[in-house]
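Here is how the chains run, residue by residue.
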Amino acid sequence: MRYWSILFAVAAVFSVGAFVYAPFSADWWLPNVAGDPYHVVSTFGKEIDSLYFIILGITGVAFIGTQIVLVWVQYRYVDEIGPDGKPTRPAQYFHGSQRLEVVWTIIPAAILVFLALYQMDTWASIKLRSATPRVPVLAEITGRQFQWVIKYPGPDGKLNTADDLFTVSDLHFVKNQTALIQLKSSDVLHSFFLPQMRIKQDAVPGMTIPVWFDADTAGHYELVCAELCGWGHYKMRGHVTVHETEEEFQKWQADQLAEQNRSQLSMASESQGR
Ligand SMILES: [Cu+2]
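Quantities reported herein were computed from a predicted structural model and do not represent experimental measurements.

1. A look at the UniProt feature "transmembrane region" (unreviewed entry) in the chain
As recorded in UniProt, the sites labelled "transmembrane region" (unreviewed entry) are residues 6–30, 51–73 and 102–120. Between the C-alpha atoms that bound residues 6–30 there is a distance of 32 Å. The span itself is 64% helix and 0% strand.

Rendered as structure tokens:
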């Protein structure tokens, strides 16, 4: 039945078409700034994206090639019954082709080695502890089922003091400043994911992992968990606010601290009243 190969061809044409069309349609493409869809906000975002495009190009060529072969094989070797009621082309069994296997092992291996070497500098500059920028820690972020507990050092700049500010899944930092966080997990594996800043880092129980990023455009972005961490995984969607100026950030922090103290006071007086 050649109908099946036609059906597969339609699916292949549709998916190849979507693949080719996606880069030209902002809504389908990588997450960036609202109203400026092709602008990467973080300093190393461009580097990450160019690596992504190289991998996408290679896998795209392989994808289109395999789709063509898939449809052609289905069409060419369709099961046909002759007028005598027997298959016109009986099945043949063979033990495979060693040459073909060598070729399709060596080519992907060579591509993987190339990618591994090519991305090394980018990885080293973003992920290695030795490359951690020497800036004050913005916050300690602890993933837990199912929220991001964010602890800011407060006005004294030191963590674990009386003026620490706590927020839940609400991350704030300042435009054009390197934000350095200490990432932790208090239960299972989570993955700290800032799609617009091209940052993804696992939060591992028992470890404190430095993570840094920046943004050249003030605004609102997303913080999500990219690790399926339990039934409430979807709830770990948080908000990121990039402030235009340091003053604006300080003001936000002061307001939040006042609010935090007020609610603590009211909780204390409530418990005394009982
Ligand atoms: Cu999670």
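2. Brief notes about the sheet that holds strand 4 (residues 170–174)
Strand order in the open sheet formed by 5 strands is 4-10-9-6-7, and the pairing between neighbours is mixed. Because the sheet does not close on itself, it has two edges, and the strands there are strand 4 and strand 7 (199–203). Here the average twist between neighbouring strands, direction ignored, is 20°. Note that strand 6 (residues 190–194) and strand 9 (residues 219–225) share 2 bridges and pair antiparallel.

3. As for unusual backbone geometry
Cis geometry marks the peptide bond from Gln145 to Phe146, where omega comes out at 5°. In this fold, Phe146 is placed in the loop between strand 1 (139–144) and strand 2 (147–152). In this model, Ser169 sits at a positive phi of 50°, which is unusual for a non-glycine residue. Of note in the backbone geometry, Arg198 takes a positive phi value of approximately 60° without being a glycine.

4. Topic: the coordination of the copper ion
Of the protein atoms, only His190 (ND1), Cys225 (SG), Cys229 (SG) and Met236 (SD) coordinate the copper ion, at distances of 2.1 to 2.5 Å. The sequence pattern formed by the donor residues of the copper ion is H-x34-C-x3-C-x6-M. Pair noted here: Cys225 is in strand 9 and Met236 is in the loop between strand 9 and strand 10 (238–243), with a separation of 11 residues, a long-range link.

5. Let's talk about the pattern of salt bridges
Per the stated rule, a full pass over the model turns up 7 salt bridges. Residues Glu259 and Arg262 are paired through a salt bridge, measuring 2.8 Å at the closest nitrogen-oxygen approach. In this pair, Glu259 and Arg262 both sit in helix 5 (residues 246–273), 3 residues apart, roughly one turn of the helix. Arg262 gets classed as exposed once you look at its relative accessible area, which sits at 52%.

6. Some remarks on a nonpolar patch on the surface
A contiguous nonpolar patch, built from Trp4, Leu7, Phe8 and Leu70 and spanning about 420 Å² of accessible area, is present on the exposed surface. Here the nonpolar patch takes 3 residues from helix 1 (residues 2–21), the largest share from any one element. Mapped onto the secondary structure, Phe8 falls in helix 1.

7. Looking at the confidence of the model for the chain
Here the chain averages 89 in pLDDT, while 99% of its residues score no lower than 70. Averaged over each element, pLDDT in the chain is lowest for helix 5 (84) and highest for strand 6 (96).

8. Description of the nonpolar core
With 39 residues, the main nonpolar core has Leu171, Phe173, Phe192 and Phe213 as its most contacted residues. The residue makeup of this core includes at least three contributed by each of domain 1 (1–92) and domain 2 (139–272). Leaving out residues up to four positions away in the same chain, Phe213 has contacts with Phe44, Leu171, Phe173, Gln177, Thr178, Ala179, Ile181, Phe192, Leu194, Met197 and Ile199.

9. Observations regarding the sheet that holds strand 8 (residues 209–213)
In space, the 5 strands of this open sheet follow the order 3-2-1-5-8, with mixed pairing throughout. A single partner strand is all that each edge strand has here, and the edge strands are strand 3 (165–168) and strand 8. Across this sheet, the average inter-strand angle for adjacent strands is 25°, counted without regard to direction. Judged from the 5 bridges that link them, strand 5 (residues 179–185) and strand 8 form a sheet pairing that is antiparallel. By the bridge assignment for strand 8, Leu183 is matched with Ile209.

10. Regarding the domain arrangement of the chain
Annotation of the chain at the domain level lists domain 1 (1–92) and domain 2 (139–272). On the domain 2 side, the residues contacting the 13 residues of domain 1 number 12 residues. On the domain 1 side of the contact with domain 2, Pro31, Val41 and Phe44 bury the most area, a combined 52% of that side's loss. The interface formed by domain 1 and domain 2 includes 1 salt bridge.

11. Considerations on the pairing of strand 9
The pairing of strand 9 with strand 10 spans 5 bridges and is classified as antiparallel. For His220, the partnering residue across the bridge sits in strand 10 and is Thr241.

Reading the values: rules and limits
Residues numbered from 1 in each chain as written. Predicted model: local features only at pLDDT ≥ 70, side-chain atom pairs only at ≥ 80, totals over all residues. Heavy atoms only, no water. UniProt positions renumbered as here; feature names shortened; annotations may be inferred. Helix = DSSP H or I, 4+ residues; strand = E, 2+ residues; numbered from the N terminus. Pairing = 2+ DSSP bridges. Axes fitted to C-alpha atoms, helices over the stretch in contact; angles between N-to-C directions. Donors = N, O, S within 2.8 Å, 3.2 Å for Na, K, Ca; no water. Salt bridge = Lys/Arg side-chain N within 4 Å of Asp/Glu carboxyl O. Buried < 20%, exposed > 50% of the residue type's maximum accessible area, 1.4 Å probe, protein only. Patch = residues over 30% accessible without salt bridge, like charges linked within 9 Å, V, L, I, M, F, W, Y side chains within 5 Å. Areas by Shrake-Rupley, 256 points an atom, 1.4 Å probe, with all protein chains shown as cover. pLDDT = per-residue confidence, 0-100. Core = buried A, V, L, I, M, F, W, Y, C linked by side-chain atoms within 4.5 Å. Domains from an automatic or database assignment. Contact = heavy atoms within 4.5 Å. Buried area = accessible area lost by both parts, 1.4 Å probe.

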